[in-house]
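Observations on the model geometry
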Amino acid sequence: MKITFYGHASFQIETGGKTLLFDPFISPNPQAAAIDVNSLKPDYILLSHGHSDHMADLETVQKNSGAQVICIADIAGWLNNKGISNVHGMNFGGGFNFDFGRVKMVYALHSSSMPDGAYGGNPAGFVIYSEGKKVYFAGDTALTLDMKLLADENLDLAILPIGDNYTMGVDDAIKACGFINCKNVIGMHYDTFPVIKIDKEEAKKKFADAALNLTLLDIGKSITL
Ligand code: NI
Ligand code: MN
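What this report covers is the structure whose coordinates are included nearby. Everything numeric here is computed off the predicted structure, so don't read it as measured data. (Residues numbered from 1 in each chain as written. Chains lettered and ligands numbered in written order. Predicted model: local features only at pLDDT ≥ 70, side-chain atom pairs only at ≥ 80, totals over all residues. Heavy atoms only, no water.)

Points about the pairing of strand β12 (residues 184–188)
Of all 5 residues in β12, 4 are buried, a share of seventy percent or more. With 4 bridges joining them, strand β11 (residues 157–161) and β12 adopt parallel strand pairing. Directly across from alanine 158, in β12, lies its bridge partner valine 185. Remark: the β11/helix α4 (residues 170–180)/β12 crossover connection has right-handed handedness. With 3 bridges joining them, β12 and strand β13 (residues 213–215) adopt parallel strand pairing. Along β13, the bridge assignment pairs valine 185 with leucine 214. Taking the sense of rotation as the criterion, the β-α-β connection linking β12, helix α5 (residues 200–209) and β13 turns out right-handed. (Buried < 20%, exposed > 50% of the residue type's maximum accessible area, 1.4 Å probe, protein only. Helix = DSSP H or I, 4+ residues; strand = E, 2+ residues; numbered from the N terminus. Pairing = 2+ DSSP bridges. Right-handed = clockwise from strand over helix to strand, strands pointing away.)

Below, the structure is given as C-alpha cells:
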C-alpha cells in the first residue's frame, strides 16, 4: 500500500491494484503547485464531505479518469445532477466490498454543504481494508466519542486532521489516537491557510511524548505501508 500526500486533505492510496484519491483540492492550493491535477488518473475518488477545500478538483479528475466517486448518499445525488453518474453512495456504518478491498463509512463531527450551497448530507470518514491493512481516513472532524467504536479494529494507520480551527488540533488528535487505539498517524488539514498554521516540530514532539508516531509528509511525497 503506497500513500502519497497532495496537500491539505488530499491523498492518493495505491492498493489492491487500484488507485484511490481522497478529497482532491490541489489546483487552488499554491503549496501543491508542483502537482499536475491532469496527471491524476485514479480508479476511485473518495469524498469525505462537500466543502470546496475537499472537492475543488473532483469534477476535473473524475472527467479525466472516469473514476467512481465514493461518498455519502446525499452528495451522490448532487453529483448525478452535475452529470457525474459513476457514483457509489454510502452512509454511516455501511461497508461495501470493492475490487481493491472494503470501505466502511464512519462518522465525522463537522458540517457539510456543497459549493453551490446545496445540502451536503453529513460529513464522513472512511476505514479502508485492503492488502490485510486497515487505514482510517478521518476527514474533517472534531474529537468525538464515536471514534471509540474503532478501538478494536487494530488500525495500522490513521490519517487525522491536526490543524485546529476547523477540525481537531494536535492535542485533540492525540486524544483521538487513544480513542481509536492507533499509534501511527499521518497529519492533514494544516498549514494550508493562515488560521490552520501549526508548529510542525512541536506537533511531532507532542505526539512522540505520547508514544505516538506522527508523520508529516511533504507534498508529493509517499510512504509505503
Ligand atoms: Ni470541511
Ligand atoms: Mn476542510
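So, next bit.
Looking at the coordination of the manganese ion (ligand 2)
Six octahedral donors around a metal ideally sit at 90 or 180 degrees from one another, while four tetrahedral donors ideally sit at 109.5 degrees. The protein atoms that coordinate the manganese ion (ligand 2) are Asp53 (OD), His54 (NE2), Asp140 (OD) and His189 (NE2), at distances of 2.2 Å. Within one chain, the residues serving as donors to the manganese ion (ligand 2) are arranged as D-H-x85-D-x48-H. The distance between the manganese ion (ligand 2) and the nickel ion (ligand 1) is 3.1 Å, with aspartate 140 acting as a donor to both metals. With a gap of 86 residues between them, histidine 54 in helix α1 (residues 52–55) and aspartate 140 in the loop between β10 (133–137) and β11 connect regions that are remote in the sequence. Across the pair, exposure class does not vary: histidine 54 and aspartate 140 are buried alike. (Donors = N, O, S within 2.8 Å, 3.2 Å for Na, K, Ca; no water.)

Some details on the packing of α4 against α5
Axis separation between α4 and α5 bottoms out at 10 Å; the angle between their running directions is 30°. As the angle between them shows, α4 and α5 are arranged roughly parallel. Crossing handedness for the pair α4 and α5: right-handed. Along the contact surface, α4 presents Val170, Asp171, Ala173, Ile174 and Cys177, while α5 presents Ala203, Lys206 and Phe207. (Axes fitted to C-alpha atoms, helices over the stretch in contact; angles between N-to-C directions. Parallel < 35°, antiparallel > 145°, perpendicular 65-115°, else oblique. Left-handed = near helix turned anticlockwise from the far one by under 90°. Contact = heavy atoms within 4.5 Å.)

What to know about the coordination of the nickel ion (ligand 1)
For the nickel ion (ligand 1), every protein donor is listed as His49 (NE2), His51 (ND1), His110 (NE2) and Asp140 (OD), and the spread of their distances is 2.2 to 2.4 Å. Each of the 4 donor atoms bound to the nickel ion (ligand 1) contributes to angles spanning 86 to 178°, and the resulting shape is irregular. Coordination of the nickel ion (ligand 1) draws on donor residues from a single chain, spaced H-x1-H-x58-H-x29-D in sequence. Note on histidine 49: relative accessible area 0%, which makes it buried. Relative accessible area serves as the criterion here: at 23%, histidine 110 is assigned to the partly exposed category. (Tetrahedral: all angles 85-135°; square planar, octahedral: opposite > 155°, others 65-115°.)

Digging into the pairing of β10
Along any regular strand the residues' side chains alternate between the sheet's two faces. In terms of strand pairing, strand β9 (residues 124–130) meets β10 through 5 bridges, oriented antiparallel. When the sheet's bridge partners are listed, valine 127 is paired in β10 with tyrosine 136. Between the antiparallel neighbours β9 and β10 lie 2 residues, among them glutamate 131 with a positive phi of about 55°. The pairing of β10 with β11 spans 3 bridges and is parallel.

A look at the sheet that holds strand β8 (residues 102–107)
Spatially, the 7 strands line up as an open sheet ordered β7-β8-β9-β10-β11-β12-β13, and their pairing is mixed. The open sheet has two edge strands with one neighbour each: β7 (95–97) and β13. Geometrically, the sheet is characterised by an average inter-axis angle of 20° between neighbouring strands, direction not taken into account.

Here we look at the layout of surface pockets
One number sums up the size of the largest pocket: a volume of about 190 Å³. Lining the largest pocket we find 13 residues, and of these Val106, Tyr107, Asp146, Leu149 and Leu150 sit closest to its centre. Take the lining of the largest pocket: its biggest share by element is 4 residues, from β8. Classifying every residue of the lining of the largest pocket gives 8 nonpolar, 2 polar and 3 charged. (1 Å grid on protein atoms, 1.4 Å probe; cavity = no way out; pocket = protein on both sides within 12 Å on 5 of 7 lines; lining within 4 Å. Points joined across faces, edges and corners; volume = space filled by probe spheres on them. Nonpolar A, V, L, I, M, F, W, Y, C, P; charged D, E, K, R; others polar.)

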